[in-house]
Each structure stands twice: as C-alpha cells, then as structure tokens.
Amino acid sequence: MTDSDEESLAETFWAVARRLRHQAKRTLEPWEINPGHARALAVLLRHGPLRLSALADHLHIAPRSATEVVDGLEERGLIERRPDPADRRATLVALTGEGSRVGEAIRVARAAEADRFFGDLDPDDRAELGRILRRLRDD
C-alpha cells in the first residue's frame, strides 16, 4: 500500500465518521440531548446504577467531566444520585423512570439509524467491518 492509499483510507474513514456524527446528532434532536449525555444514559441502561468513577471509566472521560455530564442529566430529571447501600459514604448515579424511558427511546432510535446507515452492506460485510473496527479500537 502506498502513502496515497493510506491517506485515501484515512480520508474515507474520517468522512464516514463525520457522517455518523452528524446523523447521531440529528437522531438525538427530539430529546434535545447531546451525544455525551446519550452515552451516559446508555451506560446506565446497560450496567445499572454506578459510582461516578465507574461511569467515568465506562465513558473514557475524567471524573470531573463525568460530574458535569451527571449534573446536566440530573438537572433534566433523567438521573439521580443516591447513597451506595454497600458504602454509605459513596454515591451511586442511577436512571430515573424518565431517564430509563428516554434512554430506551434513544437506544431504539440509534439502532434504527445504524440499520439505515449500514443497511447497504450484506451481513458478511457488516460482520467484517465490525471485526475490523473492534480491532482498531482495542489496539
């Protein structure tokens, strides 16, 4: 592969990433929620109540940034802080009923968005793309 091929591959990758980012923002518009908040709701839907540090780890962000995300979601009534029953000094972050409803609605909308976006790929190509992307993510 030549340098121009690698550059072309990188440019193509970033163009697809840009399309996905714009599509994700449009998908979130009905809930007036940003992608970072949507990711936090998805983590809490998947894992249940978490300590703030664990949420930050799942989101791959600094604890201070996670605090800002949690504050924003708490102001909207989508999450709440509560004492950790295993350690009363610690606090858990948990979805409220509305947070669960919004998080699930976003999950369904994003799944439909992904189906539309990747719909032109046959199942083998989708599986191969997933394998390649996971490898790049994990390296």
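Because the structure is predicted, anything quoted here is derived from the model rather than measured.

1. Details of the packing of helix 3 (residues 52-59) against helix 4 (residues 63-75)
Inference 1: The geometry of helix 3 relative to helix 4 is characterised by a closest axis approach of 9 Å and an angle of 100° between their N-to-C directions. Looking at the two axes, helix 3 sits roughly perpendicular to helix 4. When helix 3 is examined against helix 4, the residues L52, L55 and A56 are found in contact with a partner set consisting of P63, A66, T67 and V70.
Inference 2: Of the residues that constitute the contact of helix 3 with helix 4, the class distribution is six nonpolar, one polar and no charged.

2. As for the layout of surface pockets
Inference 1: Counted as a void, the largest pocket has a volume near 1,100 Å³.
Inference 2: Lining the largest pocket we find 20 residues, and of these F13, L20, F118, L129 and L133 sit closest to its centre.
Inference 3: Of all elements in the fold, only helix 1 (3-28), helix 5 (97-118) and helix 6 (123-138) reach the threshold of two or more residues within the lining of the largest pocket.
Inference 4: Tallied by class, residues from the lining of the largest pocket come to 13 nonpolar, two polar and five charged.
Inference 5: Roughly 200 Å³ of volume is contained in the second largest pocket.
Inference 6: Lining the second largest pocket, in full, are A38, L41, A42, L45, R46, G103, I106, R107, R110, A111 and A114.
Inference 7: Every element with two or more residues in the lining of the second largest pocket is listed here: helix 2 (35-47) and helix 5.
Inference 8: It is helix 5 that contributes the most residues to the lining of the second largest pocket, six residues altogether.

Quick notes on the rules
Residues numbered from 1 in each chain as written. Predicted model: local features only at pLDDT ≥ 70, side-chain atom pairs only at ≥ 80, totals over all residues. Heavy atoms only, no water. Axes fitted to C-alpha atoms, helices over the stretch in contact; angles between N-to-C directions. Helix = DSSP H or I, 4+ residues; strand = E, 2+ residues; numbered from the N terminus. Parallel < 35°, antiparallel > 145°, perpendicular 65-115°, else oblique. Contact = heavy atoms within 4.5 Å. Nonpolar A, V, L, I, M, F, W, Y, C, P; charged D, E, K, R; others polar. 1 Å grid on protein atoms, 1.4 Å probe; cavity = no way out; pocket = protein on both sides within 12 Å on 5 of 7 lines; lining within 4 Å. Points joined across faces, edges and corners; volume = space filled by probe spheres on them.

Function cannot be inferred from these measures alone, as they are strictly geometric.
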